[in-house]
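Chain by chain, the residues:
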Amino acid sequence: MLLKNAIEEINGLRFMIDKLDIQSSWAKRILLDSPYLHSAEEINTELNKVEQTCQFLNKAKSSDIIDKICLKLMQTKDIRGTIKRIFEQQNLDDIELFEIKTLALAVSEIRDLLQEGKFNIIRLPDLEAVINLLDPEGMRVPYFYVYDAYSKELAILRKKIKNIQMNPDAHEEKLENLQYEHTLIEDRIREELSIQIQQYKQEIKDAFQNIAVLDILIAKGKQVIELGLQKPNVAQEITTYKKIFNPQVQDALSHEGKKYQPIDIRIEKKACLISGANMAGKSVILRTVALAQALFQFGFYIPAEEAEIALVDKISLCIGDEQNELKGLSSYASEILRINTIIQEIKAGKEALVLIDELARTTNPEEGKAIVNAVLEFMTTHHCRALITSHYSGIKANCNRLRVKGFIKDKVNGVLNVNNINEYIDYSLIEDTGDNVPQGATRIARMLGVDEELLDKVEQYMEQ
Amino acid sequence: MKNRISPPLLFFTNVFIEEVLTYKSIAIVGLAKNTGKTECLNYILRQIKNSGKRIALTSIGIDGEKRDQVCQTPKPEIEVQENMLFITSEKHFREKQLIAEIMDISSHQTSLGRLITARAISSGKILLSGPARANSMKQLIEEMQRFDVDTTIVDGALSRLSIGSPAVTDAMILATGAALSCNIPQLVRMTKYVHDRIHLPLVSSEIANKLTGIENGIWAIDERGEIHDLHIPSVFMLGNNKERMFQHGNTLYVAGVVSEQLLQFLRQQKHVNEITLIIKDFTKVFATMETFYAYLKRGGKMYVLYSSKLLAVCVNPLSPNGMCLDSEELREVMQESLGIPVYDVKKMENNYQS
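Residues numbered from 1 in each chain as written. Chains lettered and ligands numbered in written order. Predicted model: local features only at pLDDT ≥ 70, side-chain atom pairs only at ≥ 80, totals over all residues.

*Asks:* Could you give an account of the overall build of chain B, with specific residues and numbers?
*Replies:* Per the secondary structure count, chain B includes 11 helices and 18 strands. In chain B, which comprises 354 residues, the proportion classed as buried is 44%. Taking the intrachain contacts of chain B between residues at least 6 apart in sequence as the baseline, contacts between residues at least 24 apart amount to 76%. (Helix = DSSP H or I, 4+ residues; strand = E, 2+ residues; numbered from the N terminus. Buried ≥ 20, exposed ≤ 12 C-beta atoms within 10 Å, placed from the backbone. Contact = placed C-beta atoms within 7 Å.)

What follows is the structure, given as structure tokens:
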């Protein structure tokens, strides 16, 4: 799985990637093509690089250097086509030679800046030899043409042509012959340059790729500082988050002047049932856990104060936002087929993080409850890390149980409305011992301004 | 009546070129094919090559074909002078007939590849192609500051008169000639129509400030200077919205195109002499000459939000079918009618050389 596929599946991941301040568009493409990492070693290597980048960014004197580097990165162009042509041993034209020269000069400047800042996690190859080839006059400006300095013959010929052009009585034919000769010499020089550049093809390719890596690292580092992300540790068994938060939701709340309440959560290798009243943030918990796991597996810092995360092969989500209705499936059918796929993957030996929101909510409560029990039991017996939310009571299966604390008792007398409800809810998770689910659907509906007549009827039925 | 503003040719030349160089960007627009736009451009390029100023040259869309694609008449190619910058597509850059140093490759894609900015090391012929849209052109002109360019010259096209829009270039030069009409009075009338649109008076800054930023719709400005959106969905539905049109008075702002239909409608109003029409800039008038003048003659007023500067008109007395008008007569009649300098660059150069 590549990052570009993951952002389609994991809610909130696109937000994080889009917010990265990457300078060049091709570095972003390279980032989107980065793979899901399966080993602790790969993840640690990547996380350590981000850590070093952050340390560098945090040094007071770095900001000037970083600004200069970013400016250089912004100016670099995607020259993959040209690099491919070097590897194919093609003759390069002026435009391609210009691109290589511009890259080589930019790499050289970035190298100097990195050295000045003693920032050495990225190795940029030395391209001085390439610069010398393409800058025979030693001007070190990022422009290119087939310079007179390449050949005396060329310089003389150019003078001759110029003199003839100045003379209005000149022979058209003579001029044409000279121009033909000129083209031949230019072509020969370009061919020689192309052959010489061949020797440095690997260095050029590495330099091109590594400045993209540098671009990505700096962007990641900046995001870590901006959003207060933390480096997660790799856990063997149990995933634990302290004060995990969802940057996208936090961002949306802060625009309304509201605060996000981070929560703690622990995920063992067995099923965990999460219950809680409506609007208590159960779905957000699932999405945030999925996001953190995904960020971790792609080598990013995560939005929590502390985290130990166990590796998984796959993040399996069933959040109920699949668009299968278009395929003619009912919401129940589409959900149960999705659950089936997850079950099959687990049976095939995949270590998955399973996150299911309000399992079996679209069918009748008796069977729905049975389905929830069965899925929980399956996950527990297969030692699968699973978080499943549900509103059903009477769940007997062997699993961990967590409940969102919900309405804060001593505050409940205040005037509740849609806009201030989040001040009245404690979103933290507590261990739940009983199997009674919190109620409050009617109250929330009333708060949302649902028709009184209807709600009175609801209450009458509840009393029966 | 004899022309009174016709000083000796040489003096004239310098004034023309000097004025061109005072602008940051200038568009050269031909009123029809074969009106001598490229001749005019080449003339300017030859004259300014020793001015010490840094010049950049580009085109709106594709231009500089070796043969006219419609009439198949030989077309003069654009000749870039030493040290001038030019912007063209990758394809045309590869076909260049001069030595040029590449300075930049834009990420902007055109149908002929990316745009290359280069400096001519030797003078020579080039096919120019540039951004096809006004917005990208504006951006490109701004980017030329990076290369210390003093004046950017844009080779415009008739169909893209919008490039002469004040929103894109600071000034413009019109090329007109026998290709448009072989009848001098007719040719002058047609050119004057363009000239008159370009020289529509500027609306007061007080009103202009209120209208800036409005991108579409028809608006009214009432006596207290308040603006009201008239919510007229389409100028094709004017008949149904007649009362609504003047509910806030007779001063209207049309942010988009002023169509023939709209101007006809206004012209036919009984109180046309009380109507003031404000338009964005001259490129927005899409009405016939007859309707335009009829509206003004009946007392209607027209103002622009952004005005353009028309520097000069260049005339080409030669038509593609071989007709040749009297250069001096054409020039004099045209100058008399327009009141701005009119040049026949080909003749000027021949005179100069002989």
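From this point, the narrative continues.
*Asks:* Can you break down the overall build of chain A residue by residue, with the values?
*Replies:* Scanning chain A from terminus to terminus reveals 17 helices and 10 strands. Relative to the globule expectation of 23 Å for 464 residues, the C-alpha radius of gyration of chain A, 31 Å, shows a markedly less compact shape. Counting only C-alpha atoms, chain A reaches 110 × 50 × 45 Å along its principal axes. The buried share of chain A, taken over its 464 residues, is 34%. The long-range share in chain A, meaning contacts at least 24 apart out of those at least 6 apart in sequence, stands at 76%. (Rg over C-alpha atoms; globule rule 2.2 N^0.38 Å.)

*Asks:* Describe the domain arrangement of chain A, and please don't skip the residues or the numbers.
*Replies:* All names here are of chain A. When the domains of chain A are assigned, the result is domain 1 (3-218) and domain 2 (233-463). The gap between the C-alpha centroids of domain 1 and domain 2 is 48 Å. Taken residue by residue, the interface counts 19 residues in domain 1 and 19 residues in domain 2. Contributions of two or more residues to the side of domain 1 that touches domain 2 are made by α1 (3-9), α2 (13-18) and α4 (40-58). Ranked by the residues each element gives to the side of domain 1 that touches domain 2, the list is headed by α4, at six residues. Tallied by class, the residues present in the side of domain 1 that touches domain 2 amount to 12 nonpolar, five polar and two charged. (Domains from an automatic or database assignment. Nonpolar A, V, L, I, M, F, W, Y, C, P; charged D, E, K, R; others polar.)

*Asks:* Can you break down the pairing of strand β4 (residues 271-275) of chain A residue by residue, with the values?
*Replies:* All names here are of chain A. In terms of burial, β4 is largely enclosed, as five of its five residues are buried. Here β4 shows no split at all, with Ala 271, Leu 273 and Ser 275 on one side and Cys 272 and Ile 274 on the other all buried. In this sheet, strand β9 (residues 400-407) lies alongside β4 in parallel orientation, the contact comprising four bridges. If you follow Leu 273 over to β9, its bridge partner there is Arg 401. (Pairing = 2+ DSSP bridges.)

*Asks:* So what's going on with the environment of A:Glu453? Which residues, and what values?
*Replies:* Residue and element names in this part refer to chain A. As for its position among the elements, Glu 453 is in helix α17 (residues 452-463). Since 8 C-beta atoms lie within 10 Å of it, Glu 453 is described here as exposed. The sequence separation of Glu 453 and Leu 193 amounts to 260 residues, and the corresponding C-alpha distance is 85 Å.

*Asks:* Describe the sheet that holds strand β6 (residues 314-318) of chain A, with residues and values.
*Replies:* Residues and elements named next belong to chain A. Pairing is mixed across the open sheet formed by six strands, whose spatial order is β6-β7-β8-β4-β9-β10. Edge positions in the open sheet fall to β6 and β10 (425-431), since each of these has one partner strand only. Ignoring strand direction, the axes of neighbouring strands in this sheet form an average angle of 15 degrees. Direction of pairing for strand β7 (residues 352-356) relative to strand β8 (residues 385-389): parallel, over a ladder of four bridges. Across the sheet, Val 354 pairs through a bridge with Ala 386, a residue of β8. Against the sheet, helix α14 (residues 331-347) touches β6 and β7, its axis set at about 160 degrees to β6. (Axes fitted to C-alpha atoms, helices over the stretch in contact; angles between N-to-C directions.)

*Asks:* I'd like a rundown of the pairing of strand β4 (residues 85-89) of chain B, residues and numbers included.
*Replies:* The side chains of a regular strand alternate between both faces of the sheet. Residue and element names in this part refer to chain B. Of all five residues in β4, five are buried, a share of seventy percent or more. Burial of β4 is two-sided: the residues Leu 85, Ile 87 and Ser 89 facing one way and the residues Phe 86 and Thr 88 facing the other way are all buried. Pairing of strand β2 (residues 55-59) with β4, which is carried by two bridges, proceeds in the parallel orientation. Each residue of the ladder has a partner; that of Leu 57, found in β4, is Phe 86.

*Asks:* Got a sec to walk through the environment of A:Lys72? Specific residues and values, please.
*Replies:* Residue and element names in this part refer to chain A. As for its position among the elements, Lys 72 is in helix α5 (residues 62-75). Under the C-beta neighbour-count criterion, Lys 72 is labelled buried, with 20 such atoms within 10 Å. Note: C-alpha distance between Lys 72 and Ile 216 (144 residues apart in sequence) is 14 Å. Apart from the residues lying within four places of it in its own chain, the contact partners of Lys 72 are Ala 106, Glu 109 and Ile 110.

*Asks:* Give me the lowdown on the domain arrangement of chain B, citing residues and values where you can.
*Replies:* Residues and elements named next belong to chain B. You can read the domains of chain B as domain 1 (9-199 + 309-353) and domain 2 (205-304). Across the boundary between the two partners, domain 1 contributes nine residues, which contact six residues of domain 2. Among the residues forming the side of domain 1 that touches domain 2, the class breakdown is five nonpolar, three polar and one charged.

*Asks:* Can you break down the nonpolar core residue by residue, with the values?
*Replies:* Counting 200 residues, the largest nonpolar core has A:Ala292, A:Ile388 and B:Phe86 as its most contacted members. With 11 residues, helix α11 (residues 201-227) of chain A is the single largest residue contributor to this core. Leaving out residues up to four positions away in the same chain, A:Ala292 has contacts with A:Tyr241, A:Ile244, A:Ile302, A:Pro303, A:Ala304 and A:Ala307. (Core = buried A, V, L, I, M, F, W, Y, C linked by C-beta atoms within 7 Å.)

*Asks:* Explain the confidence of the model for chain A to me, using residue names and the numbers behind them.
*Replies:* Per-residue pLDDT for chain A averages 89, and the proportion of residues at 70 or more is 95%. Confidence, read as mean pLDDT per element, is least for helix α16 (residues 441-447) of chain A in chain A (79) and greatest for helix α8 (residues 128-134) of chain A (96). (pLDDT = per-residue confidence, 0-100.)

*Asks:* Account for helix α5 (residues 184-198) of chain B, naming residues and giving values.
*Replies:* Residues and elements named next belong to chain B. With 15 residues, α5 extends 21 Å between its outermost C-alpha atoms, agreeing within 8% with the 21 Å of an ideal straight helix rising 1.5 Å per residue. Within α5, burial applies to Leu 187, Val 188, Thr 191, Val 194, His 195, Arg 197 and Ile 198. Where α5 is buried, its residues contact β9 (171-177), β15 (285-286), β17 (310-316) and α10 (327-338). (Expected span 1.5 Å × (residues − 1).)

*Asks:* Hey, could you go over the packing of α5(A) against helix α7 (residues 94-116) of chain A for me, with residue numbers and the actual values?
*Replies:* All names here are of chain A. Taken N-terminus to C-terminus, the directions of α5 and α7 make an angle of 165 degrees; their axes are 10 Å apart at the nearest point. What the angle tells us is that α5 and α7 run roughly antiparallel. Crossing hand, α5 versus α7: left-handed. Note on element contacts: α7 touches α5 through Ala 106, Glu 109, Ile 110, Leu 113 and Glu 116, opposite Ile 65, Lys 68, Ile 69, Lys 72 and Gln 75. Looking at the contact of α5 with α7 residue by residue, the classes come out as five nonpolar, one polar and four charged. (Parallel < 35°, antiparallel > 145°, perpendicular 65-115°, else oblique. Left-handed = near helix turned anticlockwise from the far one by under 90°.)

*Asks:* Break down the interface of chain A and chain B for me, citing the residues and quoting the values.
*Replies:* Counting residues at the interface gives 11 residues for chain A and 13 residues for chain B. Of all the secondary structure elements, the ones that give two or more residues to the side of chain A that touches chain B are α7 and α9 (152-166) of chain A. Tallying contributions element by element places α7(A) first for the side of chain A that touches chain B, with four residues. Here the side of chain A that touches chain B is built from residues that sort into five nonpolar, no polar and six charged.

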